[in-house]
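# Geometric and topological summary
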Amino acid sequence: TFPSTLSYNKILVPTVDTLRYEFLLSTVLKCDTPALVVGPVGTGKTQLMSSLLDKLDKETWSLLNINMSSQTTSNNVQEIIEGVVEKRTKGVFVPIGGKKLMCFIDDLNMPAIQEYGDQPPLELLRQWMQYGVWYDREKQVVKSIQGMSVVAAMGPPGGGRTVISMRLQSRFCTFNMTFPSDETLTRIFGTIINHRLLNFNEEVKGMAEKLTLSTLDVYKTIAQTMLPTPSKIHYLFNLRDISKTFQGLFRAHKDVHDTPDYMLRLWVHECHRVFDDRLVGDPDHSAFSTLIEKTLHSRFDVSYTTLCPGREQPIFCDFMKEGATPVFEDVPAIENLREVMENKLEDYNETPGYVAMDLVLFRYCLEHITRI
């Protein structure tokens, strides 16, 4: 169980695998050994490391997160770390406040490879891990950084991620996070959706398991059939897509999504937003609609035509009603959405200092605005 107020991104459902990784990593960290976690996108590397580091004694440790990208330079890394240390003696720097510093580096293998095959940010880290020092960039004198530990996470090479040098990798104790089994995925996302539907009526509450299995069915079919090609290089689906679908379902409200049909329309909407919006070409869109139709029939014994009259995709948004706490709800008719949009466009055009926009709000335009 977890608090009902906890945001979706902070939820971590313990499994046999996560407990195993957590034990091994905590054991390594107690020995002050740098740890590197490697695994496919969406397996929870960052969340696992963040959860583990949050358990460190705040009186003893201070935390520093560094997110690498292809544009990260060695100067960036040095400036970030030097910003949280202070001078103790000549040439010796320690974490501020007399604490130890735990530095978590995410996407370690993202920095671009230079002309001669090196990655300056990683070479700077390797130098510090091997010798405990780097150099002042203005005075060219040695700076010793003490009291700092490093942990890192990265995905396998590909899609902008590179192969790090063996000299750097040899400095880490490396762990490989494998792709979760179907049973593990069902437990993780089933626990999340079950908790969300806890206060809903019995009919909706009983849909949790079917919603979980249906989402996994859709994901596995898409991942196996919609493969990347030279013209569709973005057809890369991973666990984050499953997570995004459940994040949308997590927005369900017991006072609004109070019937099975309403909940199913929300599920159809989220599947379209997460998977279908990435597809290109009528054949792929048609194949996805067929997949949703088959899943609804096999898991819920519901017809797509009955659930979505005219086979039109459901539209959900949270700006139909004014209020302090917006509710993510189904748009009953496209005319209602157009009326709200036109009123907001009129308010915008009448605002001083803004350039007026003369827009025609046709259906596709309205759907696209709700996506944003």
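For every chain, the first residue of its written sequence is number 1, and the numbers climb from 1 along that sequence. Side-chain atom pairs in this predicted model are given and counted only at pLDDT of 80 or more, local residue features only at pLDDT of at least 70, and totals for whole chains, interfaces and linings cover all residues. Think of the side-chain values as coming from all heavy atoms in the structure, minus any hydrogens and water.

### Observations concerning a negative patch on the surface
Applicable threshold: Only residues whose relative accessible area exceeds 30% and that take part in no salt bridge are eligible for patches, with like-charged residues grouped when within 9 Å of each other and nonpolar side chains (Val, Leu, Ile, Met, Phe, Trp, Tyr) grouped when within 5 Å. Per-residue and other accessible areas were derived by the Shrake-Rupley procedure at a 1.4 Å probe size, with only the shown protein chains allowed to occlude residues. A carboxyl oxygen of Asp or Glu within 4 Å of a side-chain nitrogen of Lys or Arg is what we treat as a salt bridge. Residues counted as positive are Lys and Arg, residues counted as negative are Asp and Glu, and His and the chain ends are not counted. Where a charge lies is defined by one atom per residue type: Lys uses NZ, Arg uses CZ, Asp uses CG and Glu uses CD. Numbering of helices and strands runs from the N terminus, with a helix taken as a DSSP run of H or I at least four residues long and a strand as a DSSP run of E at least two residues long. Three labels apply to residues, based on accessible area from a 1.4 Å probe with only protein chains included: buried if under 20% of the type maximum, exposed if over 50%, partly exposed otherwise in between.
Taken together, E339, E342, E346, D347 and E350 make up a surface patch of like negative charges. By the element assignment, E339 lies in helix 13 (residues 334-350). The partly exposed category is assigned to E339, whose relative accessible area is 49%.

### What to know about a nonpolar patch on the surface
A cluster of nonpolar side chains, namely Y348, Y354, M357 and L359, defines an oily patch on the protein surface of about 370 Å² accessible area. By secondary structure assignment, the location of M357 is in the loop between helix 13 and helix 14 (363-371). The exposure class assigned to M357 is partly exposed, which follows from its relative accessible area of 35%.

### Digging into the packing of helix 3 (residues 74-82) against helix 4 (residues 120-131)
Note the following rule: Here, axes are lines fitted to C-alpha atoms. For helices the fit covers the stretch in contact, and angles between N-to-C directions go from 0 to 180 degrees. Roughly parallel means an angle under 35 degrees; roughly antiparallel, over 145; roughly perpendicular, 65 to 115; everything else is oblique. Residue contacts are defined here by distance: any two heavy atoms, one from each residue, within 4.5 Å place the two residues in contact.
It is at 7 Å that the axes of helix 3 and helix 4 come closest, and there the two elements cross at 45 degrees. As judged from the angle between their axes, helix 3 and helix 4 are oblique. Contacts between helix 3 and helix 4 pair S74, V77 and Q78 from the former with P120, P121, L124 and L125 from the latter.

### So, unusual backbone geometry
Phi is positive for Q140, close to 55 degrees, though the residue is something other than glycine. Looking at the element boundaries, Q140 is found in the loop between strand 6 (133-135) and strand 7 (142-145). Although it is not a glycine, D301 sits at a positive phi angle of roughly 55 degrees. Of note, D301 is situated in the loop between helix 11 (282-300) and helix 12 (304-307).

### A short note on the packing of aromatic side chains
To keep things clear, this is the line we draw: Centres within 6.5 Å are what make two rings of Phe, Tyr or Trp a pair, Trp counting through its six-membered ring; a difference in plane orientation under 30 degrees is then read as stacked, over 60 as edge-to-face, and the rest as tilted. Should the NZ of a Lys or the CZ of an Arg lie within 6 Å of a ring centre and within 35 degrees of the ring normal, that charge is described as sitting over the ring.
Under the defined criterion, the tally for this structure stands at eight aromatic pairs. Where F275 meets F288, the ring centres are 6.4 Å apart and the plane angle is 35 degrees; that geometry is what we call tilted. A residue pair is termed long-range when its members are at least 10 positions apart, and F275 in the loop between helix 10 (260-274) and helix 11 and F288 in helix 11 qualify at 13 residues. Both residues of the pair, F275 and F288, count as buried. Here F316 and F328 contribute two aromatic rings whose centre-to-centre distance is 5.7 Å and whose plane-to-plane angle is 35 degrees, an arrangement assigned as tilted. Of this pair, F316 sits in strand 10 (residues 316-317) while F328 sits in the loop between strand 10 and strand 11 (329-330); the two residues are 12 residues apart in sequence, bridging distant segments of the chain. The residues F316 and F328 share a single accessibility class, namely buried. Here a set of aromatic residues connected by ring pairs shows up, and it is made of Y235, F237, F275 and F288. Over the aromatic face of F250 sits the side chain of R196, whose NZ or CZ is 5.1 Å from the ring centroid.

### Concerning the pattern of salt bridges
All told, the structure shown has 19 salt bridges when counted by the stated rule. Residues K143 and D136 are paired through a salt bridge, measuring 3.7 Å at the closest nitrogen-oxygen approach. D136 carries the same exposure label as K143, and that label is buried. Look at the salt bridges and you will find they share partners, linking E82, D136 and K143 into a network.

### Here we look at the nonpolar core
We count it as follows: Residues belong to a common nonpolar core when they are buried Ala, Val, Leu, Ile, Met, Phe, Trp, Tyr or Cys residues joined through side-chain atoms within 4.5 Å.
Counting residues in each nonpolar core, the largest one holds 49 residues, and the members touching the most others are M263, W267, F275, F288, I292 and L296. Secondary structure elements with two or more residues in this core: helix 6 (182-196), helix 8 (208-225), helix 9 (239-249), helix 10, helix 11 and helix 12. Per element, the largest residue contribution to this core is eight residues, and it comes from helix 10. Look past the residues within four positions of L296 in its chain and what remains in contact with it is L264, W267, V268, D301, V302, Y304 and L307. Core analysis: the second largest hydrophobic core is formed by 28 residues, L36, I81, L108 and W134 among them.

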